[in-house]
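Structural description and commentary
For reference, the chains in residue letters:
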Amino acid sequence: MRIIPFILYLFLIAMHEVISSDLTTVYTAVINLPALAVLLVATYKSEVVSIWFGFAAGVVIAAGMPDLMGWHALILSVLGLTAFHVRERLNLDSLYAKLLLILGGVLVHNVLVLIVTRSDEFLYLLWSRALVGGILTSLVAWLFFLIKEGHITYAKMKALF
Amino acid sequence: MSNLSYKSIRNAHFAVVLVLAVVLIIGQPAVNGLVSQVILDGFYYPFFHIKKLLTEVKTVSAENDQLRSWVAKSSVELSFLEEAARENIRLRSILGFEQQPGYRLLPATVVSVTGGRMPISATINRGLADSVKVQQPVINQVGLVGRIQEVMPGYAKVQLLTDPLNRVAARVASGREMGIVRYLVSEGMVLDNFPNQGIVRPGDTILSSGLGRVYPPGLKVGTVREIFRPENKPYSEIRLEPAVNFHSLEELFVLMPETQ
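Examining the overall build of chain A
Of regular secondary structure, chain A possesses 7 helices and 0 strands. When the helices and strands of chain A are listed from N to C terminus, the series reads α-α-α-α-α-α-α. Expressed as a percentage of its 161 residues, the buried residues of chain A come to 47%.

Okay, here's the thing in structure tokens:
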């Protein structure tokens, strides 16, 4: 039963890839939901869970490109493991510290994906996709943390409007 | 001891993940393809269906808006045409001309088409049961398609204009000079027997003339693409662009006489 939430996260990733990815893209900035989900799991769950969820998320996002499936699985798995150890060794109580971890993690993932897919115009894509994509994903993570930590609540929203 | 055990478990899990990833990296394309297919079937296809539905809803909505404006425009044009038709009947009766028969449209769906690179006949889902008869004209929303060649109880065969044996008496919409439209495999649709001194320009519309009494007058057949006027011959060679795309026939209408 403990596996069900993670399967739902994987469905969420698949839904994002198919439906919401295009809708939420701002110019060249794409929300990297797989990396964000792996980093959030690593931030709140155990090490083993982070490793396996990273692997599963990598397999799911590479379903359309079977040749690169292993690389995607490996990258996200190692990303989850690394994020978990960063969380263990550093103090991530602060919201900004968590955001820095997300920004760094997504940036690293975007760069590694560019390297693995052997994209042409690497330097251009580095800032037009990897960097701005990382910033946009961090904004989504910021919203997530604000809701999770109770800074944004339904009552507060109702009071505002 | 507990810490050591935890690290061993962690290392074991990571080793398994590493092995699986390496298997996928260096593995056979068939293995990766199978995994990919399972993931696509399990995780992606429900969302592909939802996306397809959303796209269709969006398309249908836009198409509906377009059709509404088309219907509004057409109803205005129809009221003008009905008035013109009434005037035409009145003037014809004053002059003692024979009245033109009216037609109603019988919708039909194309079941199959036959022919080589260019289809020459189509089978529709209307037949004797719908009072379809041989020689009745068949049109679609853009122009003349052909005529009924053979009728069976539930089906009918349509001889398309692309059949080299099918000919249509036609005239230029603006100049009123007449000729015969036919389809040549080597040249495509042509307007034959058109006098060299006749007035016709590229882009002119060619309509059925009503002569021959198979096709009623005024049905769009095509537009003039190229004109050759050989000096030593009495007739021009006129090539046409068919009004109908014979490669994408779907919904057709059989023109049924009003009395039927």
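Following the structure, the description resumes.
A word on the confidence of the model for chain B
All names here are of chain B. Averaged over chain B, the pLDDT score is 87; the fraction of residues at 70 or greater is 97%. The element-level mean pLDDT for chain B is lowest in helix H1 (residues 2-26), coming to 85, with strand E5 (residues 156-160) highest at 94. Here the complex is predicted with pTM 0.58, and the ipTM for its interfaces comes to 0.83.

A few points about the side chain of Gln159 of chain B
Residue and element names in this part refer to chain B. Within the fold, Gln159 resides in strand E5. A relative accessible area of 7% means that Gln159 is categorised as buried. Looking at Gln159, its side chain comes within polar contact range of the side chain of Asp163, at 3.2 Å. The residues touching Gln159, leaving out its near neighbours within four places in the chain, are Ile120, Val145, Gly146, Arg147, Gln149, Leu165 and Asn166.

Quick word on the packing of helix H3 (residues 47-61) of chain A against helix H2 (residues 29-95) of chain B
Where H3 of chain A meets H2 of chain B, the axes come as close as 9 Å, and the angle between the chain directions of the two elements is 90°. The angle between H3 of chain A and H2 of chain B falls in the class roughly perpendicular. Facing H3 of chain A, whose interface residues are Val59, Val60 and Ile61 of chain A, H2 of chain B presents Val35, Ile39, Phe43 and Tyr44 of chain B. Broken down by class, the residue content of the contact of H3 of chain A with H2 of chain B amounts to 7 nonpolar, no polar and no charged.

Thoughts on the sheet that holds strand E6 (residues 167-172) of chain B
Hydrogen bonds between backbone groups are what pair the strands of a sheet, and the pairing can be parallel or antiparallel. All names here are of chain B. Spatially, E6-E7-E8-E11-E10-E9 is the arrangement adopted by the 6 strands of the closed barrel, whose pairing is antiparallel. With strand direction ignored, the average angle separating the axes of adjacent strands in the sheet is 45°. Taken together, the 3 bridges between E6 and strand E9 (residues 205-208) define a ladder with antiparallel strand orientation. Each bridged residue has a counterpart across the sheet, and for Val172 the counterpart in E9 is Ile206.

Quick notes on the rules
- Residues numbered from 1 in each chain as written.
- Chains lettered and ligands numbered in written order.
- Predicted model: local features only at pLDDT ≥ 70, side-chain atom pairs only at ≥ 80, totals over all residues.
- Heavy atoms only, no water.
- Helix = DSSP H or I, 4+ residues; strand = E, 2+ residues; numbered from the N terminus.
- Buried < 20%, exposed > 50% of the residue type's maximum accessible area, 1.4 Å probe, protein only.
- pLDDT = per-residue confidence, 0-100.
- Polar contact = N/O pair within 3.5 Å; in protein donor to acceptor, adjacent residues only side chain to side chain.
- Contact = heavy atoms within 4.5 Å.
- Axes fitted to C-alpha atoms, helices over the stretch in contact; angles between N-to-C directions.
- Parallel < 35°, antiparallel > 145°, perpendicular 65-115°, else oblique.
- Nonpolar A, V, L, I, M, F, W, Y, C, P; charged D, E, K, R; others polar.
- Pairing = 2+ DSSP bridges.

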